[in-house]
Amino acid sequence: MAAVSATCVRFGTSLNQSTKLNQIAGTSTSLKPVAVGWARRGFPSLRTSHFRISCAAKPETVQKVCDIVRKQLALPAETELTPASKFSELGADSLDTVEIVMELEEAFSISVEEESSQNISSVQEAADLIDKLVQKKSEA
């Protein structure tokens, strides 16, 4: 499943919007859009300060990662684990994170390079990396 997210989206100056100012009883004013036109052919420029495309891991991978994290950190059943759950927010220190990665390697029969393991800080990041490594392993 692919996900696309963007924040801080701004349209460029090629968008020309006509507006009309209304006065009601001389006390309040409001702008109302009347027409929208393009200053040139095509779409206006779209700028964003943050744009990310990511491929989300399979749900069963995310669930297995959640189970391993819960076991390694001895979390009670009522502790909510979501793909966005950060290990540090769950009380994990750097040693706990190393142990989580080692357990994931064993459970999924993969090998995570040290550089990649340092970039894992959430359930989703771990699941995405696992799916990527499992796919790479199956292609080899």
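If you look the protein up in an unreviewed UniProt entry, it shows as Acyl carrier protein from Escallonia herrerae. The record held by UniProt for the protein lists under Sequence similarities (unreviewed entry) the comment "Belongs to the acyl carrier protein (ACP) family." According to UniProt, the comment filed for the protein under the heading Subcellular location (unreviewed entry) is "Plastid, Chloroplast".

Engineer: Is there a simple way to think about unusual backbone geometry in this case?
Structural biologist: Peptide bonds are mostly trans, and most non-glycine residues show a negative phi. With a phi angle near 50°, Ala74 is a residue other than glycine that sits in the positive phi range. Structurally, the position occupied by Ala74 is in the loop between α1 (59-72) and α2 (94-108). The backbone of Ser109 sits at a positive phi, close to 55°, despite the residue not being glycine. Along the chain, Ser109 turns up in the loop between α2 and α3 (114-117).

Engineer: Would you take a moment to explain the pattern of salt bridges for this structure?
Structural biologist: Two side chains bearing opposite charge may form a pair once their charged atoms approach each other closely. Within the structure shown, the criterion is met by 1 salt bridge. Here Glu103 makes a salt bridge to Lys71, at a shortest N to O gap of 3.9 Å. Here Lys71 lies in helix α1 and Glu103 lies in helix α2, a separation of 32 residues in the sequence.

Engineer: Before we go on, may I ask you to explain a nonpolar patch on the surface in this structure?
Structural biologist: Together, Leu95, Val98 and Met102 make up a nonpolar patch on the protein surface, roughly 290 Å² of accessible area in all. The topology assignment puts Met102 in helix α2.

Engineer: How do you make sense of α2 when you look at a structure like this?
Structural biologist: Given 3.6 residues per turn, any residue in an α-helix points the same way as the ones three and four places further on. Counted at 1.5 Å a residue, the expected span for α2 with its 15 residues is 21 Å, and the 21 Å between its end C-alpha atoms agrees. Those residues of α2 lying buried are Asp96, Thr97, Ile100, Val101, Leu104 and Phe108. Each buried residue of α2 lies within a common arc of 140° when the element is viewed along its axis, so the set occupies one face. More than 90 degrees from the buried face of α2, the exposed residues found are Leu95 and Glu106. Residue Asp93 occupies the N-cap position of α2, its side-chain oxygen lying 3.1 Å from the main-chain nitrogen of Leu95. Taken from the residues just after α2, Ser109 is the one with a positive phi, measuring 55°.

Engineer: How should helix α4 (residues 123-139) be read in this particular structure?
Structural biologist: With 17 residues, α4 ought to run about 24 Å at 1.5 Å a step, and its terminal C-alpha atoms sit 24 Å apart, in line with that. Taken together, the buried positions of α4 are Val123, Gln124, Ala126, Ala127, Leu129, Ile130, Asp131 and Leu133. For α4, the secondary structure elements touched by its buried residues are α1, α2 and α3.

Conventions we followed
- Residues numbered from 1 in each chain as written.
- Predicted model: local features only at pLDDT ≥ 70, side-chain atom pairs only at ≥ 80, totals over all residues.
- Heavy atoms only, no water.
- UniProt positions renumbered as here; feature names shortened; annotations may be inferred.
- Helix = DSSP H or I, 4+ residues; strand = E, 2+ residues; numbered from the N terminus.
- Salt bridge = Lys/Arg side-chain N within 4 Å of Asp/Glu carboxyl O.
- Patch = residues over 30% accessible without salt bridge, like charges linked within 9 Å, V, L, I, M, F, W, Y side chains within 5 Å.
- Areas by Shrake-Rupley, 256 points an atom, 1.4 Å probe, with all protein chains shown as cover.
- Expected span 1.5 Å × (residues − 1).
- Buried < 20%, exposed > 50% of the residue type's maximum accessible area, 1.4 Å probe, protein only.
- Arc of directions from axis to C-beta.
- Polar contact = N/O pair within 3.5 Å; in protein donor to acceptor, adjacent residues only side chain to side chain.
- Contact = heavy atoms within 4.5 Å.

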